[in-house]
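Report on the structure
The residues making up each chain are set out below.
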Amino acid sequence: MHSILRGVAALFAAVLLLLAAPARAADPPTFNAEQLDQMLAPIALFPDALLSQVLMASTYPKDVAEAAGWAFANRSLKGDDAVRAVQDKPWDPSVQSLVAFPQVLAMLDEKPEWVQDLGDAFLAQPEDVMDSVQLLRAKAKGAGNLSSNEQQIVSFEAGAPARQTVVATAPSSPTQIITIAPANPQVIFVPIYNPVHVFGPWWHPLFPPFFFPPPVRWGFGWSPVSTAIWWGVGIGVTYALWGGVDWRRRNVNINVNQWNNINVNNRINSNNRNVNWNHNPGNRRGVPYRDASTRDRMQDRLGDRGGRQEYRGREDQRAQARAALSDRVGAENLDREALRNIDRSQIPQRTPGGDRTPAGDRAAAIDRSQARDRVGSIDRSQVQERAGNIDRSQVRDRASNIDRSQVQDRAGNIDRSPARDRANNVNRSQVQDRAGSIERSRVQDRASNIDRSQAQNRSESAARTNRDNALRGANDGRQTQQQIDRGRASQAAQRHNAPQRQSNVSRPAGGAAGQRHNAPQRQANVSRPAGGAAAQRRNQ
């Protein structure tokens, strides 16, 4: 009986606790295409860079409200000067960047709940937001209200790949990408327009577009005009515009160089030119997230990284890996629940000649911490045990089992006797016989048969010939006189050229004395007829 009473009391207490516990409210449904087109219509025609920074800033609604109040109080400041003036404010850099464009903050200040919904949609459904913007731009182009002019450059590209999972309430994937850039990157015009006029007849009658004309109190001088878009006055900037849009991946990014030049107190440490933007939950300042999925995701980020720079500076690799994965499976399928149900046969495969930038992103996104963990997890004890298990005794046995006697026997078994036999078989008697058989008498006979008288006759004949050549012409007076004239002419030429040779030609050893010594020899070499001068006179 007592046990039954205790059981009833426990059951009653449990019921009371359940009734007392607050019921958790169900998450609201995701924004549908009608709602997204409605909230994005006022900003869809902004330049891409400015649009990206407005989407980033909308995720910090409290900061936006404070920045709008500051901009109204400091209406004389615009552009980079205004951004530098708020560097000490606790706002997110995306919000700080908007003080350069007072018209934008004046619009955002008109409806704070719109700003919060816009930020929640961008955090939870970034792909749907990007597709909605492209749909609105296509509508404006079709209505004849979007083209290049003095304020902007409008470009057209092939559409982004279709998403793998299509949600019935999400905007359809665009067939064409429309980009908008300022005509002069340093002069930014903010377009102000009525969506009903710019986009043509509105296609969602239950969700009319928002329109926020510039309030009169701001003094912009706006008034309804016949033209579809009012451009106002261009704002000069240098570094205040640092955002960008990757339409194919359906996300926004940051130009690191532009960012670091204006956000001097909050630099990004990265070697990449552009890095993906990531929401910093530390700057949310207590504003609740719309759905549990986003709330849990941001809470994990806040717990892992506690600060803005810590998060932005080291999350680049993970963001790049996520972007690379989104190229293959679709950004909307990065949720694990969606990946479990995906048809893997429909995943687009990379082509050999395709875009290699995802490969570069994957290389940059390598998580080196995992590699370190793998190295650290190597069980070195196993390696040591394997080394210790090597049976060195077997190695020694193999070395000791080598039969060196066999090697010695092989060397000893070489038969050297054939070599000795060949040497011994040389018949030295045959060599001696060949030398002894030479008949020396024949050699002596050949020498004795030489007729030495003939050799003597030949020598005497040569001597007579030379003597006849020397005396030839001795009895010819004219020939003798010609030789004398040639000798005198030669001596005169030598005397004439002697001073020039002494100045231009190095003298032989001995100088002038040597020349006098050699003169008789040169005179002696002059060919004279036999008999000298006396013979010459007789012949004359």
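Residues numbered from 1 in each chain as written. Predicted model: local features only at pLDDT ≥ 70, side-chain atom pairs only at ≥ 80, totals over all residues. Heavy atoms only, no water.

Remarks on the overall build of the chain
Helix and strand counts for the chain come out as 27 helices and nine strands. Per-residue burial for the chain yields a buried fraction of 34% across its 540 residues. Long-range contacts, defined here as pairs at least 24 residues apart, represent 73% of the contacts in the chain between residues at least 6 apart. Surface accessibility of the chain: about 34000 Å² in total, with carbon and sulfur atoms responsible for 50%. (Helix = DSSP H or I, 4+ residues; strand = E, 2+ residues; numbered from the N terminus. Buried < 20%, exposed > 50% of the residue type's maximum accessible area, 1.4 Å probe, protein only. Contact = heavy atoms within 4.5 Å. Areas by Shrake-Rupley, 256 points an atom, 1.4 Å probe, with all protein chains shown as cover.)

Side note on the nonpolar core
Membership of the largest hydrophobic core comes to 83 residues, with the highest contact counts inside it found for L40, I43, F101 and F199. Per-element tally for this core: the top contributor is helix α3 (residues 48-57), with seven residues. (Core = buried A, V, L, I, M, F, W, Y, C linked by side-chain atoms within 4.5 Å.)

Digging into the side chain of T59
With respect to the helices, strands and loops of the structure, T59 is situated in the loop between α3 and α4 (61-73). Only 2.6 Å separates the side chain of T59 from the backbone oxygen of M56, close enough to count as a polar contact. Discounting residues that sit within four places of it in the chain, T59 has contacts with G119, F122, L123, W277, H279 and R284. (Polar contact = N/O pair within 3.5 Å; in protein donor to acceptor, adjacent residues only side chain to side chain.)

Quick look at the confidence of the model for the chain
Of the residues in the chain, 52% reach a pLDDT of 70 or more, and the chain-wide mean stands at 74. Considering each helix and strand of the chain separately, the mean pLDDT is smallest for helix α13 (residues 308-314), with a value of 42, and largest for α3, with 98. A low-confidence stretch, residues 20-24 (pLDDT under 50), is modelled with two contacts involving residues beyond four sequence positions or located in other chains. (pLDDT = per-residue confidence, 0-100.)

Side note on the packing of helix α8 (residues 112-124) against helix α9 (residues 126-142)
Put simply, α8 and α9 touch, their axes get as near as 5 Å, and they point 115° apart. In terms of axis orientation, α8 runs roughly perpendicular to α9. For the pair α8 and α9, contact is made by A121, F122, L123 and A124 and by P126, V129 and M130, respectively. Looking at the contact of α8 with α9 residue by residue, the class counts come to seven nonpolar, no polar and no charged. (Axes fitted to C-alpha atoms, helices over the stretch in contact; angles between N-to-C directions. Parallel < 35°, antiparallel > 145°, perpendicular 65-115°, else oblique. Nonpolar A, V, L, I, M, F, W, Y, C, P; charged D, E, K, R; others polar.)

Observations regarding the packing of aromatic side chains
Counted according to the given criterion, the structure contains ten aromatic pairs. Taking 6.0 Å as the distance between ring centres and 40° as the angle between the ring planes, the aromatic pair formed by F210 and F212 counts as tilted. When the ring of W242 is compared with that of W259, the centres are 4.7 Å apart and the planes differ by 70°; the resulting orientation is edge-to-face. In this pair, W242 is assigned in the loop between β6 (235-236) and β7 (243-246) and W259 in helix α11 (residues 256-262), connecting sequence segments 17 residues apart. On the basis of relative accessible area, W242 is assigned to the buried category, the value being 1%. You can call W259 buried: its relative accessible area is 0%. (Phe/Tyr/Trp six-rings, centres within 6.5 Å; stacked < 30°, edge-to-face > 60°.)

Some thoughts on the sheet that holds strand β9 (residues 274-276)
Taken together, three strands build an open sheet; the order of strands is β7-β8-β9 and the sheet is antiparallel. Edge strands, defined here as strands with exactly one partner in the open sheet, are β7 and β9. Sheet twist, expressed as the average angle between the axes of neighbouring strands with direction ignored, equals 40°. By the bridge criterion, three bridges tie strand β8 (residues 251-255) to β9 in an arrangement that is antiparallel. (Pairing = 2+ DSSP bridges.)

Some words on the pairing of β8
Counting buried residues in β8 gives five out of five residues, a clear majority hidden from the surface. The side-chain alternation of β8 yields two buried faces, one formed by N251, N253 and N255 and the other by V252 and I254. Taken together, β7 and the strand that follows it, β8, pair antiparallel across an intervening segment of four residues, in which R250 is found at a positive phi of about 60°.

Let's talk about α4
One turn of an α-helix holds 3.6 residues; hence residues three or four places apart share an orientation. The terminal C-alpha atoms of α4, which comprises 13 residues, lie 19 Å apart, in line with the 18 Å expected from a rise of 1.5 Å per residue. Burial in α4 covers these residues: P61, D63, V64, A67, A68, W70 and A71. Looking at the buried residues of α4, the elements they touch are α3, α5 (79-85), α6 (93-97), α7 (102-108) and α8. (Expected span 1.5 Å × (residues − 1).)

Remarks on α8
The end-to-end C-alpha distance of α8 is 19 Å, a good match for the 18 Å that 13 residues give at a rise of 1.5 Å each. Taken as a whole, α8 has its buried residues at W114, V115, L118, G119, D120, A121, F122 and L123.

A look at the packing of helix α2 (residues 33-40) against α9
As a packed pair, α2 and α9 sit with axes 9 Å apart at the nearest point and diverge in direction by 65°. It follows that α2 is roughly perpendicular to α9 by the angle criterion. In terms of crossing hand, the pair formed by α2 and α9 is right-handed. When α2 is examined against α9, the residues L36, D37 and L40 are found in contact with a partner set consisting of D128, V129, S132, V133, L135 and L136. Of the residues contributing to the contact of α2 with α9, the split by class is six nonpolar, one polar and two charged. (Left-handed = near helix turned anticlockwise from the far one by under 90°.)

Points about unusual backbone geometry
Across residues other than glycine, the phi torsion is negative in most instances, and most of the peptide bonds are trans. Unusually for a residue other than glycine, R250 sits at a positive phi of about 60°. Mapped onto the fold, R250 is located in the loop between β7 and β8. Taking relative accessible area as the criterion, R250 reaches 7% and is therefore assigned buried. In this structure, R285 takes a positive phi of about 60° despite not being glycine. Within the secondary structure, R285 is located in the loop between β9 and α12 (292-304). Classification of R285 as partly exposed rests on a relative accessible area of 32%.

Here we look at the environment of N74
Residue placement: N74 occurs in the loop between α4 and α5. Residue N74 is classed as partly exposed on the basis of its relative accessible area, which comes to 24%. Sequence-wise, N74 and A85 are eleven residues apart; in three dimensions their C-alpha atoms are separated by 9.9 Å.

Comments concerning the side chain of D80
Within the secondary structure layout, D80 lies in helix α5. There is no salt bridge for the buried D80, and the closest opposite charge comes from R84, which lies 4.2 Å off by N-O distance. Within the local environment of D80, its side chain forms a polar contact with the backbone nitrogen of A240, the two atoms lying 3.1 Å apart. Apart from the residues within four sequence positions on either side, D80 is in contact with G236, V237, T238, Y239, A240 and I262. (Lys, Arg positive; Asp, Glu negative; His and termini not counted. Salt bridge = Lys/Arg side-chain N within 4 Å of Asp/Glu carboxyl O.)

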